[in-house]
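Residue-level structural notes
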Amino acid sequence: MELLVTIAKTVLYVAAVFGVTLLHVAYATYFERKVIGRMQGRIGPVEVGFRGLLQPFADMVKSLFKEDIIPAAADRTLFFLAPVIVVASVMTSLAVIPFFNNGAIANLNVGVLFIFAMASLAVYGIIVAGWSSNSKYSFFGSIRSAAQVISYEIAMGISLAGVFLMAGSVNLNDIVLAQREQPLGMFAVLQIVGFVVFVISAFAETNRTPFDLPEAETELVAGYLTEYSGFRYALFFLAEYISMYIMAALIALCYLGGWALPGFVTRALPFLEQVPGIIWFLIKVYAFMFFYFWVRATLPRYRFDQLMAIGWKILIPVSVVNIVITAFVKRWLM
Amino acid sequence: MIPLSWYLMLGAGLFVIGMFTFLVRRNIIMMLISLELMLNAVNIMLIATSHYMQDMRGQILAFFVMAGAAAGVAIGLAILIAAFRNRESANMDEFDLLKG
Amino acid sequence: MPGSYIPSEYLPVFITLVLGTCFAVGALVLGELLRPRRPYAEKLSIYESGNIPVGEPRTRFDVRFYVIGMLFVVFDVEAVFLYPWAVAFGNIGLLGFWSMIFFLAIILVGYLYDWKKGALE
Amino acid sequence: MLPEFFFGYFACAILGLAMLTVTRKNLVHSVLWMLLLFLHIACLYLFLNAEFLAVIQVIVYAGAILVLFLFLVMLLNLREEHEARRFVKAWQGRLAVCILLLTVIVISVYKAAVQPTGGYSITFINEMGHTKVLGTVLFNQYVLPFLMTALVLFVPMVAAIVLAMKERKR
């Protein structure tokens, strides 16, 4: 009986988190269009609803009613499965993100590694999507995309090891708490090199400009998504945005202090302790989301060989050097 | 309460499936896959024993097994690529000539 | 007691996984019910910029993708060894500390060799 | 009751998925079944209170090794083989050997039981965190095997380039 109550509570909490996340994702697309529109001297969506606020729902309805085509040569089961793998793995990694103190669905001891594990499963979605479509563009796009994602996964993992070293834990809640007494209340100051590496890899992991080669229309049509249409395409799109949120949340939690305020701020202004942590968390996440859009509006796309060279020849050595230096400093100077 | 022997028997079953495949399939990729199954079977046994003995040694060993498996697969598949250039096949029976 | 341990903190993760999968499958099924369906042969053929598809779709690709994959495996294992080292940093002695530096140095030699051989191009 | 139920499920799933993995004709399907198999094994590790190893199982086996397999299967674009050429001819003898081995192992482990002799109890591991416990033991008592792992990982970095990139010199 007790077990059933726990399960029911968890289901409700998970459903609430999913609902709020999906709403955020819907408005992230709106936010993105508005931001990029303004940056390019346009005004973005205005037609649907007040100032275009209903635009995301119009898009959703459109993709739901759009005819969906499965190519005759496709491997139908895998074609169906690919978006499910991507969406399920991305949504499961939401489970370990603490939105406020102990606010994660599951406060795991291996928190960050769990997100890595789920991210490595998302690669299968990409490969399976490309392979099952049985089309040249899809197939080649998926292989490229997978090569890109796995290359940057390493730089990401090694740069985060610096944070684990500083915090002495891989639990996201502990990492946030460990940052309170750091300069400015965040690891981004002392781990600035790891932070930069992680941010660049986050762009590559989520296939965002300037690393959005998988979707480079000029080269490979739409990459592994070429044969996907209608709501299946929408699911991939959704997964991309949720993973943007997860990357933004990871950056906020591991480098920018998460939901906690720095120790010196709360000592000077104790009343700020009353503000719920989720507010600080969301401010940081949205600041990073804005950065995503800003970069998209500003930077051109890299070539594929440049992209691989950045990952392998710059980011990985830099992150290894960073962790070695961090280790030496921590051993003998702290 | 599950006795340790259940885990060991599960590992044994997985190991034998892998071993039989390794012995009867001709495709090299399939043989490498079955090698992975056998290593996983050993890992299950190691971790189970380690858990029941409340000791970390088995888990450390399993960790090393994973690293070794990764290295082994990388080399095995590289050999397959090199062999494939000459024979255009992944069939074990084709590689019976000892010359490049 | 060993033999009756249940990782209860993973129950919420399992529920999240189930709900996430249900969401994805449900969305696809809902789309299936709502949208029109008028297939014909040209529409179902593979997109190739409007041309009739030519050649083998699942063509072989460059061996360098395999080399990237192989390097990825090695570096992944290396990163995986870094995590327990980083987390247990306060508890490990001087020998453990220098062993990781030595480990990274060996990997570095292999990495430089690969760079020299042009595997990273 | 609950532990037995979970063990039963995982045992059936692991053996069944292993069967599916090794009998598929299409290698891509085979690798994808193996992905599911590895995820189940990772879950089994959770029940053995080895959560770090469970995550590593997913990251290393599912996330890296299987991706390499998948890359290679696609790289070589292997054809599905003819039914007759998939297996070696004299398989009956090998089956007998395998069954014999299984019997021997099952008989020898049937009554196997160990005493909990070490100090790493479930509460201790959960309190300290599995990653930290494992790191502490690994880097204090197993430094030499760890350094040998470095050499083991060094070999594929050199060997794979030498073997796989041979063509590029011509």
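This write-up is about the structure you can find in this document. Quantities reported herein were computed from a predicted structural model and do not represent experimental measurements.

Cut-off values and rules
- Residues numbered from 1 in each chain as written.
- Chains lettered and ligands numbered in written order.
- Predicted model: local features only at pLDDT ≥ 70, side-chain atom pairs only at ≥ 80, totals over all residues.
- Heavy atoms only, no water.
- Contact = heavy atoms within 4.5 Å.
- Buried area = accessible area lost by both parts, 1.4 Å probe.
- Salt bridge = Lys/Arg side-chain N within 4 Å of Asp/Glu carboxyl O.
- Polar contact = N/O pair within 3.5 Å; in protein donor to acceptor, adjacent residues only side chain to side chain.
- Helix = DSSP H or I, 4+ residues; strand = E, 2+ residues; numbered from the N terminus.
- Nonpolar A, V, L, I, M, F, W, Y, C, P; charged D, E, K, R; others polar.
- Axes fitted to C-alpha atoms, helices over the stretch in contact; angles between N-to-C directions.
- Parallel < 35°, antiparallel > 145°, perpendicular 65-115°, else oblique.
- Left-handed = near helix turned anticlockwise from the far one by under 90°.

1. Overview of the interface of chain D and chain B
- Every contact between the two is made by 85 residues of chain D and, on the other side, 66 residues of chain B.
- In this assembly, chain D packs against chain B so that about 7,200 Å² is buried in total across both faces, 77% of it on carbon and sulfur atoms.
- Three residues stand out in chain D for area buried against chain B, namely D:Phe7, D:Leu48 and D:Phe69, and they jointly supply 10% of the buried area on that side.
- Inspection of the chain D/chain B interface yields zero salt bridges.
- Run the count over chain D and chain B and you get ten residue pairs in polar contact (both at pLDDT 80 or more).
- Elements with a contribution of two residues or more to the side of chain D that touches chain B: α1 (2-23), α2 (27-47), α3 (51-76), α4 (91-109), α5 (122-128), α6 (130-141) and α7 (143-164) of chain D.
- Broken down by class, the residue content of the side of chain D that touches chain B amounts to 64 nonpolar, twelve polar and nine charged.

2. Looking at the environment of A:Lys136
- Tracing the chain through its elements places A:Lys136 in helix α5 (residues 136-167).
- Remark: the alpha-carbon pair of A:Lys136 and A:Ile7, spanning 129 residues in sequence, is separated by 46 Å.

3. Comments concerning the packing of helix α12 (residues 304-332) of chain A against helix α4 (residues 94-116) of chain C
- One can describe the packing of α12(A) onto α4(C) by two numbers: an axis separation of 12 Å at closest approach and a directional angle of 165°. As far as their axial angle goes, α4(C) and α12(A) are roughly antiparallel. Of the two possible hands of crossing, α12(A) and α4(C) adopt the one that is left-handed. Facing A:Trp312, A:Lys313, A:Pro317, A:Val320, A:Val324, A:Ala327, A:Phe328, A:Arg331 and A:Trp332 of α12(A), the residues of α4(C) in contact are C:Leu94, C:Phe97, C:Trp98, C:Ile101, C:Leu104, C:Tyr111 and C:Trp115.
- Class assignment of the residues belonging to the contact of α12(A) with α4(C) gives a composition of 14 nonpolar, no polar and two charged.

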